[in-house]
Amino acid sequence: MRRKAAYLKDVLLWAVLGLPTLWAGFTHTIADRYTWPEVIAGLAAIGVAVAFARPRPLGAMLVTAALWAGSVAVRGDPTVFFPALAVMSYLAGVRMPRARPALLGLSGAAVVAAVVVPLVRWLLAAQWDLGAWFFAVTGIALFGLVPWLAGHARHQSLALTRAGWERAGRLEREHRMLAEQARLRERAAIAREMHDLLGHDLSLVALRIGALEVDAGLPESRRRAAGEAREAVTAAAERLRDIVAVLRDGDGPGLGPERENTAHEDTAHEDTAHEDAAHEDTADTSVESVGELVRRAAAAGMPVTLHGTQEDARIPAPALATVRRVVREGLTNAAKHAPGAPVTVRLAHAPGETVVGVANAASRLQGRGVTGGHGLRALAERVRRQGGSLESGPADGGFALTVRLPHTVPPNGPPNGPPNGPPSGHPGIPTSVSPGIPSPVPLRVPPSVPPRTASRPVEPNRKPERKPDLELELEMEPALALARRRVRRTRLAAALVCVAAAAGVAAFVLGFTVYEAATSVLPPAEFAKLRAGQAEAEVAAVLPARTRIDDPSWPEPPIPPGARCRYYSTNPEPFGDLTLYRLCFAGGRLVAKTFLPS
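What counts as what
- Along every chain, residues carry numbers that run from 1 in the direction the sequence is written.
- The predicted nature of this model means local features are confined to residues of pLDDT at least 70 and side-chain atom pairs, given and counted, to a pLDDT of 80 or more, with totals for whole chains, interfaces and linings taken over all residues.
- Side-chain calculation: all heavy atoms of the structure are included, whereas hydrogens and water are not.
- DSSP-based pairing: two strands are paired if at least 2 bridges between them are found.
- Per the convention used, a helix needs a DSSP run of H or I reaching at least four residues, while a strand needs a run of E reaching at least two, with both numbered from the N terminus.
- The convention used is that axes are lines fitted to C-alpha atoms, helices contributing only their stretch in contact, and that angles between N-to-C directions extend from 0 to 180 degrees.
- Contacts: residue pairs with any heavy atoms within 4.5 Å of one another.
- Pairs were defined over the aromatic rings of Phe, Tyr and Trp, the Trp ring being its six-membered one, requiring ring centres within 6.5 Å. Orientation was assigned from the angle between planes: stacked under 30 degrees, edge-to-face over 60, tilted for the rest.
- In our convention, an over-ring charge means Lys NZ or Arg CZ found within 6 Å of a ring centre and within 35 degrees of that ring's normal.
- Small angles under 35 degrees read as roughly parallel and large ones over 145 as roughly antiparallel, with 65 to 115 read as roughly perpendicular and the rest as oblique.
- Throughout, a crossing is termed right-handed when the near helix is turned clockwise from the far one, and left-handed when it is turned anticlockwise from it by less than a right angle.
- Ten residue types, Ala, Val, Leu, Ile, Met, Phe, Trp, Tyr, Cys and Pro, are classed as nonpolar, four, Asp, Glu, Lys and Arg, as charged, and the remainder, Gly among them, as polar.
- We define a salt bridge as a side-chain nitrogen of Lys or Arg found within 4 Å of a carboxyl oxygen belonging to Asp or Glu.
- Residue burial is assigned from relative accessible area. The probe radius is 1.4 Å, only protein chains are included, and a residue is buried under 20% of its type maximum, exposed over 50%, and partly exposed in between.
- Note on disulfides: each one is a pair of cysteine sulfur atoms within 2.5 Å.
- Patches draw on residues past 30% relative accessible area with no salt bridge. Two like charges within 9 Å are joined, as are two nonpolar side chains (Val, Leu, Ile, Met, Phe, Trp, Tyr) within 5 Å.
- In short, Shrake-Rupley with a 1.4 Å probe defines the accessible areas, and a residue's cover is counted only from the protein chains shown.
- Only four residue types enter the tally: Lys and Arg on the positive side, Asp and Glu on the negative side; His and the chain ends are excluded.
- To locate a charge, take atom NZ for lysine, CZ for arginine, CG for aspartate or CD for glutamate.

A.B. asks: Explain the sheet that holds strand β4 (residues 389-395) to me, please; I cannot follow it from the model alone.
C.D. replies: Each strand in a sheet pairs with its neighbour through backbone hydrogen bonds, running either in the same direction (parallel) or in the opposite one (antiparallel). Here 5 strands make up an open sheet; going across it, the order is β1-β2-β3-β5-β4 and the pairing mixed. Each having just a single partner strand, β1 (304-307) and β4 make up the two edges of the open sheet. Mean inter-strand twist for the sheet, computed between neighbouring axes without regard to direction, equals 10°. Examined bridge by bridge, β1 and strand β2 (residues 343-350) share 4 bridges and lie parallel to one another. From the neighbouring strand, V304 faces β2, where its bridge partner is V343. Together, β1 and β2 form the strand contacts of helix α9 (residues 290-299), whose direction differs from that of β1 by roughly 160°.

What follows is the structure in C-alpha cells.
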C-alpha cells in the first residue's frame, strides 16, 4: 500500500514538473517554442530524475542540473527546467543525511556548466555569450544550492523531531522501570515485615497453644480444641508463607529464584538492597530489644536462656538492628521446628565485632512449622551487606545459628562469597540435618551479588544513586541544543546563499545592462552615411561589437523578404527610452535601414 502511494506521488510529481515543458511545446509565452523532440527529451529526463529521487536523490538532482544547463546552452533559455532543478534539489536535501556529497556534486555541476555552456553557445552562435555563462553559474546556486539547503534544514528538523520523540519514549520507559522498582521494593518491604513480625508472633502463639494441648490438667475436649487452634495457626502460617512468596516474587538477589541469574539487573538489585537496609535499620529502632524478645518467648512457654545481656548496650546501632533480627529469626525457627527444646541465646562483644548465637537442643516433639526458605536467606544477605558472616547447621544434636558482625563496613566493601556458595572462609550451610532433628528452614543460601566495581565500596546505609528526571533532561540538553544549532545554521546558510545569489544576479544584470548599452551604440552620423546596396563587409566596418536586442517588443515596419535584421542603440543611456537603428541584410548587402523610436 505504501509503495503504491509512493508510485502515485512520483507520477503526480512528474506530471507537475513536466507542465512547463509541455507549455513550451505549445506556445512561446515562456520561451521560444520547443520542438516536440525537445519536449519528449525533456519529459524523459524529468521522468528519470523522479524515478531516482527516492533511491538516488543526488543523482536525480544532477540529472535535472544537467537538463537545465543543457537548455541554457542550446536554447539560451533558463525558464523551462528550473522548477525541476529546484524541486529535485529540495528533495535531495530532505532525503540525504550527509551534506558533503551534495555540495561536491553541485560544485562539480557548476564548474562543468561554466565551461560547457559558453562553449556550446560559441559553437552555435559563433560568439561568446556572457549571459549564458552567468546563468550557468548563478542558476546552479540559485535553483540548486538554495533549495538543497532548505531541504537539508527540513531534514535536520525532522531528525530533531524524531530524536525528541525517541527521548520522550526512553524517558517514559525509564519512568515505568522506576515505578516497577518502587513497586517491587514496597512488596519486598511488606514481605519482610510479615515474615519477621507475623511469623514470629504466630510461632509464639503456636507454642502457647501447644503447651495447652499437652497440659494434663485440661479436659480432653479443651486439649482437642487447643490442637485444632494450633492447626489453625499452622494453616495461617502456611497462608502467610504463600503471601510472602507472592510478595517476594521478582524481588532482588537472594529473595526470588527468578532473579538470581538476571545479570543485567544487578545494579538495580544492589541499589534496592542498600535502600531496604537503610529502611530496616530505621524501623528497627522502635522494636523490642534482645532481652525483650527473649522474655516474650519465655513467657510464651519456650525454655530460652540469654547470656550476655549487658552486651546489648555496647553494640553499635547498625549492628544492633541485625542482632535483633538474628535473635528473632533463631527464636522463630526454634519455635517452629523444635518445640519444647531448650534454646540458648548468646551475645559476645569482641574488639571491632559482635558475635550473636542462637542454639537449640534436639526436640522430643515433631515440629509442624512451615518453611518458606526466606528467613535465613534474607538474613544471610543482610549480614553479607554489613561485611559479616553467617554459620548455621547441626550442633550437639540440635541446631545452631551464629553470626559475626563487624562494627564498621570494610573500606573495600563487604566480602563476597563464591558465585554459587556461601561466603568464602566459612563452612557451607547444609540443606538438611540428621534424621529426627527437624530442619529450621531450607538452609541453602543463594549466591551473593558482588559489587559492580572493586573501587566503589558498598555502604549499608547508602541511598541509591538514581538520577532524577531533571538531571536526565539536563544531560539531554547539550545534544538537543547542538541539533537546534545545526538546524539554525543550515537555515541561515540557505538564507545567506539566497540573498547572495539574488544580489549577484542584480549586480550582474545591472552591470551587463550598462555594458551592453555602451557597446551597442551606432552613432547617428555613421547611420546617416549608410546606403542601401552597400556590401555587408563594408557596413560591418562601422558597426559596434554588439547588438542591443534581438527583437523589439513594439510594432516595427515590415522586414524585407529574406532579410535578417540587426538592432543597434542610438545612445549609450542604459535606463532611458530605448530608440534603435534597424539594419537588414540579404544576399550579402544592406537592403534596408530604419529608425525605430520607442
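A.B. asks: Which parts of the structure should I look at to understand the packing of aromatic side chains?
C.D. replies: Each pair of aromatic rings is reported with the distance of its centres and the angle of its planes. Using the criterion set out here, one finds 6 aromatic pairs in the structure. For the pair Y34 and F81, a centre-to-centre distance of 6.2 Å together with 65° between the ring planes defines the contact as edge-to-face. One end of the pair, Y34, is in the loop between α1 (2-26) and α2 (36-52); the other, F81, is in the loop between α3 (57-75) and α4 (82-95), with 47 residues separating them in the sequence. Site record: aromatic cluster; members linked through ring pairs are W68, F82 and F143. Between R75 and the ring centre of Y34, over which it is positioned, the NZ or CZ distance is 4.4 Å. The ring centre of F527 lies 4.7 Å from the NZ or CZ of K593, which sits over that ring.

A.B. asks: Would you explain the sheet that holds strand β6 (residues 564-569) in this entry?
C.D. replies: Strand order across the open sheet formed by 3 strands is β6-β7-β8, with antiparallel pairing between neighbours. Edge positions in the open sheet fall to β6 and β8 (589-596), since each of these has one partner strand only. Looking at each pair of strands side by side, their axes are set apart by 20° on average, direction ignored.

A.B. asks: What am I meant to see in the packing of helix α10 (residues 317-337) against helix α11 (residues 375-385) here?
C.D. replies: In a packed pair of helices, the relevant descriptors are the angle between the two axes and the axis-to-axis distance. Between α10 and α11, whose axes approach to 11 Å, the crossing angle comes to 160°. Judged on the interaxial angle alone, α11 and α10 are roughly antiparallel. Here α10 runs over α11; the crossing is left-handed. Between α10 and α11, the contacting residues are A321, T322, R325, V326, E329 and N333 on the first element and G375, L376, L379, R382 and V383 on the second. For the contact of α10 with α11, the residue count by class is 5 nonpolar, 3 polar and 3 charged.

A.B. asks: I'm lost on the pattern of salt bridges in this one. Help?
C.D. replies: Side-chain pairs of opposite charge can arise where the charged atoms are in close proximity. Counted by the stated rule, this structure contains 10 salt bridges. Where E353 meets R404, a salt bridge forms, and the shortest distance between an N and an O atom there is 3.1 Å. Here E353 is found in strand β3 (residues 353-360), whereas its partner R404 is found in strand β5 (residues 398-406), with 51 residues between them in sequence. A relative accessible area of 25% places E353 in the partly exposed class. Across the salt bridge formed by E536 and R566, the nearest N and O atoms sit 3.1 Å from each other. Taken together, the positions of E536 in helix α14 (residues 536-540) and R566 in strand β6 put the pair 30 residues apart, joining distant regions of the chain. A relative accessible area of 25% means that R566 is categorised as partly exposed.

A.B. asks: Explain the state of the cysteines here, please?
C.D. replies: As used in these notes, a disulfide is a covalent bond between sulfur atoms, one from each of two cysteines. Applying the stated criterion across every chain yields a total of 1 disulfide. The residue that forms a disulfide with C565 is C584, at a sulfur-sulfur distance of 2.1 Å. Sign of the S-S torsion, about 95° for the bond between C565 and C584, identifies this disulfide as right-handed. Here C584 lies in strand β7 (residues 580-586) and C565 lies in strand β6, a separation of 19 residues in the sequence. Comparing C565 with C584 shows no difference in burial state: the two are buried.

A.B. asks: Where do I start with a positive patch on the surface in this structure?
C.D. replies: A cluster of basic residues, R484, R485, R486, R488 and R489, forms a positive patch at the surface. Looking at where R484 falls in the secondary structure, it is placed in helix α12 (residues 469-519).

A.B. asks: Hey, could you run me through the pairing of β4 in this one?
C.D. replies: Look at any regular strand and the pattern is simple: side chains alternate between the two faces of the sheet. In this sheet, β5 lies alongside β4 in antiparallel orientation, the contact comprising 7 bridges. When the sheet's bridge partners are listed, A395 is paired in β5 with G398. Once β4 ends, the chain turns through 2 residues before running back antiparallel as β5, passing D396 with a positive phi of about 55°.

A.B. asks: What's the story with α11 in this structure? I'm lost.
C.D. replies: One full turn of an α-helix is made of 3.6 residues, so residues set three or four places apart face in the same direction. Burial within α11 is extensive, with 11 of its 11 residues counted as buried. Listed as buried for α11 are G375, L376, R377, A378, L379, A380, E381, R382, V383, R384 and R385. Where α11 terminates, the next one or two residues include G387, which has phi positive at roughly 80°.

A.B. asks: Where do I start with unusual backbone geometry in this structure?
C.D. replies: Note on backbone geometry: most residues besides glycine have negative phi, and most peptide bonds are trans. You will see that D396, though not glycine, has its phi angle at about 55°, which is positive. Within the secondary structure layout, D396 lies in the loop between β4 and β5.

A.B. asks: Whenever I open this one, the environment of L91 confuses me. Can you help?
C.D. replies: Here L91 is to be found in helix α4. Judged by its relative accessible area of 17%, L91 falls in the buried class. Sequence separation of L91 and A150 is 59 residues, and the distance between their C-alpha atoms is 9.4 Å.

A.B. asks: Help me understand a nonpolar patch on the surface, please; the structure alone is not making it clear to me.
C.D. replies: A cluster of nonpolar side chains, contributed by L19, L22, F26 and W36, occupies part of the molecular surface with about 420 Å² of accessible area. It is α1 that contributes the most residues to the nonpolar patch, 3 residues altogether. Relative to the elements of secondary structure, F26 occurs in helix α1. Given a relative accessible area of 56%, F26 falls into the exposed group.

No statement about biological role is implied by the geometric values presented.
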